[in-house]
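The chain contents come next:
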Amino acid sequence: MVHIIEDIKKFFFAIIYNIVKHYISISKNKWVIGSDGGNYLSGNSKYFIKYFYQVNKNNVRLIFISKNKLFINKINSNGIEAYYNYSLKGLYHVLSAEVYLLSTTLLDINFINHKKTRIVNLWHGMPIKKVVYDNTRNQIPINVWYLKLVHILLGNHTWEDV
């Protein structure tokens, strides 16, 4: 029952998100990065952030977006700008970002993107690798009907099931 309520919340959030995105302009040199389904900073996203802070000379603003409220404080204390995905600030930064950096899927940040946003996937899988469904830390349900529905009704790209 709890999962159904969460799915309904996400669906209504997606509708609001899709309407609002048309009124927010893209900010040049703002990038948002997500990782591990939006819960933790790990893998390629983690190492990209480390590299980014060593060599960033282009005044690019990199923002970590997370669905884990407790984890955001830890990230901020390490000097990395981070926001909760479903907060107003998080929503604004996601919608106004020029680039999305993902470790696996759009679920790392959010599942609806602005049409002008460039999406860069940092994963290094091979065609035979099961990306997403072999994740042992965050089990993503194979039956993600609400995501497919949102992509069909509101999304800017076709659904790809991995």
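Okay, so let's go over this structure. Values in this document were obtained by computation on a predicted structure and should not be read as measured data.

**Here we look at the overall build of the chain**
Point 1. Of regular secondary structure, the chain possesses five helices and five strands.
Point 2. Along the chain, helices and strands appear, N-terminal first, in the series α-β-α-β-α-β-α-β-β-α.
Point 3. Burial analysis of the chain (162 residues in total) assigns 42% to the buried set.
Point 4. Partitioning the contacts of the chain with sequence separation of at least 6, the portion at a separation of at least 24 is 62%.

**Examining unusual backbone geometry**
Point 1. At Asn29, a residue that is not glycine, the phi angle is positive and equals roughly 65 degrees.
Point 2. Along the chain, Asn29 falls in strand β1 (residues 27-33).
Point 3. Classification of Asn29 as partly exposed rests on a relative accessible area of 37%.

**Examining the environment of Ala14**
Point 1. In this structure, Ala14 sits in helix α1 (residues 2-20).
Point 2. Measuring from C-alpha to C-alpha, the distance between Ala14 and Asn110 comes to 9.2 Å, with 96 residues separating the pair along the chain.

**With respect to the packing of aromatic side chains**
Point 1. Scanning all chains against the criterion turns up six aromatic pairs.
Point 2. Here the aromatic rings of Phe52 and Tyr53 are separated by 5.4 Å at their centres, their planes lie at 85 degrees, and the arrangement is edge-to-face.
Point 3. Classification of Phe52 by relative accessible area gives buried; the value is 7%.
Point 4. The aromatic ring of Tyr84 is capped on one face by Lys69, whose charged end is 5.0 Å from the ring centroid.

**Digging into the pairing of strand β2 (residues 61-66)**
Point 1. Along β2, five of the six residues are buried, which leaves the element largely enclosed by surrounding structure.
Point 2. Where β1 and β2 come together, four bridges link them in parallel fashion. Considered in β2, the bridge of Ile33 is made with Phe64.
Point 3. Of the crossover connections in this fold, the one passing from β1 over helix α2 (residues 43-55) to the parallel β2 is right-handed.
Point 4. Here β2 pairs with strand β3 (residues 82-84) via three bridges, running parallel. Residue pairing in the sheet places Phe64 in a bridge with Ala82 of β3.

**Let's talk about the sheet that holds strand β4 (residues 97-102)**
Point 1. Read across the open sheet, the five strands follow the order β3-β2-β1-β4-β5; overall the sheet is parallel. Every interior strand has two partners, whereas the edge strands, β3 and β5 (118-121), have only one. In this sheet, adjacent strand axes meet at a mean angle of 30 degrees when their direction is disregarded.
Point 2. Sheet strands touched by α2: β1, β2 and β4. Its angle to β2, the strand with the most contacts, is close to 155 degrees.
Point 3. Packing against the sheet, helix α3 (residues 69-77) makes contact with β2 and β3, and its axis sits at approximately 165 degrees to β3.

So, how was this worked out
- Here the residue numbering is sequential within each chain, running from 1 through the sequence in written order.
- Totals for whole chains, interfaces and linings use every residue, but because this is a predicted model, local features are given only for residues with pLDDT of at least 70 and side-chain atom pairs only at 80 or more, for both listing and counting.
- Excluding hydrogens and water, the side-chain values take into account all heavy atoms of the structure.
- Note on conventions: DSSP H or I runs of at least 4 residues are helices, E runs of at least 2 residues are strands, and numbering of each starts at the N terminus.
- Three labels apply to residues, based on accessible area from a 1.4 Å probe with only protein chains included: buried if under 20% of the type maximum, exposed if over 50%, partly exposed otherwise in between.
- The contact criterion used is simple: two residues touch if any of their non-hydrogen atoms lie within 4.5 Å.
- Each pair of aromatic rings taken from Phe, Tyr and Trp, with Trp reduced to its six-membered ring, is defined by centres within 6.5 Å and is described as stacked if the planes are under 30 degrees apart, edge-to-face if over 60, and tilted in the remaining cases.
- As a reminder, the over-ring test applies to NZ of lysine and CZ of arginine, requiring each to be within 6 Å of the ring centre and within 35 degrees of the ring normal.
- We call two strands paired when DSSP finds no fewer than two bridges between them.
- Looking down the strands as they point away from the viewer, one classifies a crossover as right-handed if the path from the first strand across the helix to the second runs clockwise.
- Only the stretch in contact is used when a helix axis is fitted, and all axes are lines through C-alpha atoms; the angle between N-to-C directions ranges over 0 to 180 degrees.

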